[in-house]
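Spelled out, the chains give:
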Amino acid sequence: MFGAIPLLIVPFVLYNLGLLGIFGSGDDPWASEIFSFSMMSGGVFSMTLGDLMVLLGLIFLFLEIAKSVRTTNASIMDHLLSTLVFVAFLVEFLLVKGAAHSVFFTLMVIALFDVLAGFAVSMRSASRDINLN
């Protein structure tokens with residue numbers, strides 16, 4: 001049952017918690033630096049909270065695509081719920097002032113890719129199941 005829950009709901013919830021001030025107050029909590037270190041080249045690598053959110057979204061996208069290759073009854077529900085998560089991203093992006101951010105937009109595009117990839121994999125695997133005599 002929990003296999004049908006789309007994992008991209010996690011970045012959606014975390015972003016909304018960030019809007020509520022869980023990750024710190026300020027104008028843009030996504031620009032706050034989490035860590036940085038010097039590279040051997042002399043450059044400095046730094047990661048912001050927004051970068052971490054996008055990275056988390058990409059990791060969950062990989063796991064969602066790996067989940068979409070299975071052909072069970074739960075996969076249909078997974079695709080439906082993934083579509084609802086994308087619609088929630090889209091509605092929030094259009095209607096909530098705090099969601100008008102590049103991090104949220106990138107997470108929304110990742111959710112769109114999840115929906116498109118899930119349906120593409122399902123259609124491809126369904127075409128293999130058709131037997132023509």
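This report concerns the structure included in the present document.

Conventions adopted
- Residues numbered from 1 in each chain as written.
- Predicted model: local features only at pLDDT ≥ 70, side-chain atom pairs only at ≥ 80, totals over all residues.
- Heavy atoms only, no water.
- Helix = DSSP H or I, 4+ residues; strand = E, 2+ residues; numbered from the N terminus.
- Buried < 20%, exposed > 50% of the residue type's maximum accessible area, 1.4 Å probe, protein only.
- Contact = heavy atoms within 4.5 Å.
- Areas by Shrake-Rupley, 256 points an atom, 1.4 Å probe, with all protein chains shown as cover.
- Salt bridge = Lys/Arg side-chain N within 4 Å of Asp/Glu carboxyl O.
- Pairing = 2+ DSSP bridges.
- Axes fitted to C-alpha atoms, helices over the stretch in contact; angles between N-to-C directions.
- Parallel < 35°, antiparallel > 145°, perpendicular 65-115°, else oblique.
- Left-handed = near helix turned anticlockwise from the far one by under 90°.
- Nonpolar A, V, L, I, M, F, W, Y, C, P; charged D, E, K, R; others polar.

## Here's the deal with the overall build of the protein chain
Okay, step 1: Counting its regular elements, the protein chain contains four helices and two strands.
Okay, step 2: Starting at the N terminus, the α and β elements of the protein chain follow one another as α-β-β-α-α-α.
Okay, step 3: For the protein chain, the proportion of its 133 residues judged to be buried stands at 30%.
Okay, step 4: Residue pairs in contact within the protein chain that sit at least 24 positions apart in sequence constitute 62% of those at least 6 positions apart.
Okay, step 5: Of the accessible surface of the protein chain, which amounts to about 8500 Å², a share of 72% is contributed by carbon and sulfur atoms.

## Looking at the pattern of salt bridges
Okay, step 1: Considering all chains together, one arrives at two salt bridges under this definition.
Okay, step 2: Among the salt bridges present, the one from Glu64 reaches Lys67, with a minimum N-O distance of 3.1 Å. One end of the pair, Glu64, and the other, Lys67, are both in helix H2 (residues 49-68), three residues apart, so they sit about a helical turn from each other.
Okay, step 3: In this structure Glu64 comes out as buried when scored by relative accessible area, which is 1%.
Okay, step 4: Judged by relative accessible area, Lys67 falls into the buried class, the value being 16%.

## Digging into the pairing of strand E2 (residues 44-48)
Okay, step 1: For strand E1 (residues 33-38) and E2, the ladder comprises five bridges, and the chain directions are antiparallel. Each residue of the ladder has a partner; that of Phe35, found in E2, is Met47.
Okay, step 2: Counting the residues in the hairpin turn of E1 and E2 gives five residues, including Gly42, whose phi is positive at 100°.

## Focus: the environment of Gly98
Okay, step 1: Looking at the secondary structure, you find Gly98 in the loop between helix H3 (73-95) and helix H4 (102-129).
Okay, step 2: Taking the C-alpha atoms as reference, Gly98 lies 9.7 Å from Leu20; in sequence the two are 78 residues apart.

## Here we look at the packing of helix H1 (residues 9-19) against H2
Okay, step 1: Put simply, H1 and H2 touch, their axes get as near as 9 Å, and they point 160° apart. Judged by the inter-axis angle, H1 sits roughly antiparallel to H2. Seen along the crossing, H1 lies across H2 with a hand that is right-handed. Contacts from Val10, Pro11, Leu14 and Tyr15 of H1 reach H2 at Met53, Leu56, Gly57 and Phe60.
Okay, step 2: Looking at side-chain class alone, the contact of H1 with H2 contains seven nonpolar, one polar and no charged residues.

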